[in-house]
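# Summary of the model geometry
Chain by chain, the residues run as shown.
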Amino acid sequence: MSEFQALVEAIIKADIKTATSETQRLLDKKVDVQEVLDKGLIAPMDEVGQKFSKGQLFVPQMLRSAKSMQECMNLIKPFFKEGNISLKGKIVIGTVKGDLHDIGKNLVVMMMEGAGFTISDLGVDISSEIFVQKAKDVDADIIAMSALLSTTMPGMRDTIEALKNAGIRDKVKVMIGGAPVSENYAQQIGADSYAPDAGSAVIAAKKILGIS
Ligand code: B1M
């Protein structure tokens, strides 16, 4: 049995107590932190994301798994600062201007964090100017935008225009999602990627950054 099996199962079953005690046990044993992250936390969250995308898991279960993973990430976070483990890329995320819906966006954040991305979560009602400024500040790889209202979707196009005006469109990939958004809309506005759900968002982010 793999050293990470108990942790993997705990994340999938959303058993926070076992997940955190297993993470601590592995850290105490001085198991390589990158391996704890990759094999013990990211791998089961990938599985949870795939099951969610296929409709085999529902929002509450996914939220509980994501919460378990986040608690374990809190134990691992101090090692990030020491530069012991590598993260996958920097993502600035938010819900577009005029839109206050954030449940789906928060799920995307949790899955992205679980996958090892560094996330700057701007929250809700975010203007194109703020997206662009934050992307500059943190040298972002991706701007990820969520919209739940058909009336706020144009904020996504505005942000892409603002990136062009700021001269950094070629440096920052853009991904979009949310119930009224579609692949077709992504193409129309010149976004790099669209994802229909939080599990697919991780796969899409890895794809546009060329990460396996
Ligand atoms: Co509002 N609301 N709401 N609402 N609300 C909807 C979206 C609506 C479809 C309800 C309806 O009429 N049937 C409708 C929008 C219609 C439209 O424009 N197409 C609507 C409306 C009209 C409104 C108000 C205008 C109502 C009013 O005041 N008259 C108002 C607007 C406020 C505003 O934003 N300015 C409003 C307010 C609210 C609440 C504040 C009460 C609350 C939001 C609370 C919150 O988010 N903190 C709310 C809620 C809860 C909903 C419903 C019921 C649920 C949305 C939700 O959280 N779904 C929604 C109806 C519905 O969907 N059944 C509705 C669960 C969530 C997990 O799914 O957000 O789709 P979702 O996220 C998914 C994917 O879309 C995707 O991944 C997620 C997980 O799989 N995804 C991404 C999301 N972002 C992504 C980004 C990505 C990739 C994937 O990459 C960047």
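Scroll up a little and you will see the structure.
The sections below set out a description of the structure shown in this document.

Rules and cut-offs
Residues numbered from 1 in each chain as written. Predicted model: local features only at pLDDT ≥ 70, side-chain atom pairs only at ≥ 80, totals over all residues. Heavy atoms only, no water. Near = heavy atom within 4 Å. Polar contact = N/O pair within 3.5 Å; in protein donor to acceptor, adjacent residues only side chain to side chain. Helix = DSSP H or I, 4+ residues; strand = E, 2+ residues; numbered from the N terminus. Nonpolar A, V, L, I, M, F, W, Y, C, P; charged D, E, K, R; others polar. Buried < 20%, exposed > 50% of the residue type's maximum accessible area, 1.4 Å probe, protein only. Pairing = 2+ DSSP bridges. Contact = heavy atoms within 4.5 Å. Axes fitted to C-alpha atoms, helices over the stretch in contact; angles between N-to-C directions. 1 Å grid on protein atoms, 1.4 Å probe; cavity = no way out; pocket = protein on both sides within 12 Å on 5 of 7 lines; lining within 4 Å. Points joined across faces, edges and corners; volume = space filled by probe spheres on them. Right-handed = clockwise from strand over helix to strand, strands pointing away.

What follows deals with the site of the ligand. If you check the shell around the ligand, you find 26 residues, and the closest are Leu100, His101, Asp102, Ser146 and Ser150. Serine 150 has a polar backbone atom sitting 2.9 Å from an oxygen atom of the ligand. The contact in question runs from an oxygen atom of the ligand to an N or O atom on the backbone of alanine 179, over 3.2 Å. The set of elements that each furnish at least two residues to the shell around the ligand consists of α5 (103-114), β3 (142-146), β4 (173-177) and α9 (198-209). The greatest single-element share of the shell around the ligand, amounting to four residues, is contributed by α5. In the shell around the ligand, the residues fall into 16 nonpolar, seven polar and three charged.

Here we come to unusual backbone geometry. Not every positive phi belongs to a glycine, and alanine 14 is a case in point at roughly 60°. Tracing the chain through its elements places alanine 14 in the loop between α1 (5-13) and α2 (16-28). In this structure, aspartate 125 takes a positive phi of about 60° despite not being glycine. With respect to the secondary-structure elements, aspartate 125 resides in the loop between β2 (118-121) and α6 (128-138). In this structure aspartate 125 comes out as partly exposed when scored by relative accessible area, which is 40%.

Taken together, the five strands give an open sheet; going across it, the order is β2-β1-β3-β4-β5, and neighbouring strands pair in parallel fashion. The sheet terminates laterally at β2 and β5 (193-194), the two strands that pair on one side only. In terms of strand pairing, β3 meets β4 through five bridges, oriented parallel. Residue pairing in the sheet places alanine 144 in a bridge with methionine 175 of β4. Contacting β1 (90-95), β3, β4 and β5, α9 runs over the sheet at an angle of about 165° to β4.

This next bit is on the side chain of serine 120. By secondary structure assignment, the location of serine 120 is in strand β2. Overall, serine 120 belongs to the buried group, its relative accessible area being 16%. Serine 120 has contacts with Ile91, Val92, Ile93, Lys134 and Val138, leaving out every residue within four places of it along the chain.

Before going further, it helps to examine empty space enclosed by the protein. Tallied over the entire structure, the rule returns one cavity of 30 Å³ or more. Lining the largest cavity we find Asp46, Gly49, Gln50, Met111, Gly199, Val202 and Ile203. Classifying every residue of the lining of the largest cavity by side-chain character gives three nonpolar, three polar and one charged.

Counting through the fold element by element, glutamate 22 comes out in helix α2. On the basis of relative accessibility, which here comes to 13%, the residue glutamate 22 falls in the buried class. The spacing of glutamate 22 and alanine 201 is 179 residues in sequence and 28 Å in space, taken between C-alpha atoms. Here glutamate 22 is in contact with Ala6 and Leu7, once residues within four sequence places are set aside.

Another aspect to go through is the pairing of β1. Of all six residues making up β1, five are buried, and the element is well covered by its neighbours. In terms of strand pairing, β1 meets β2 through four bridges, oriented parallel. Bridge assignment links lysine 90 to a residue of β2, and that residue is threonine 118. The β-α-β motif built from β1, the intervening α5 and the parallel element β2 has right-handed crossover chirality.

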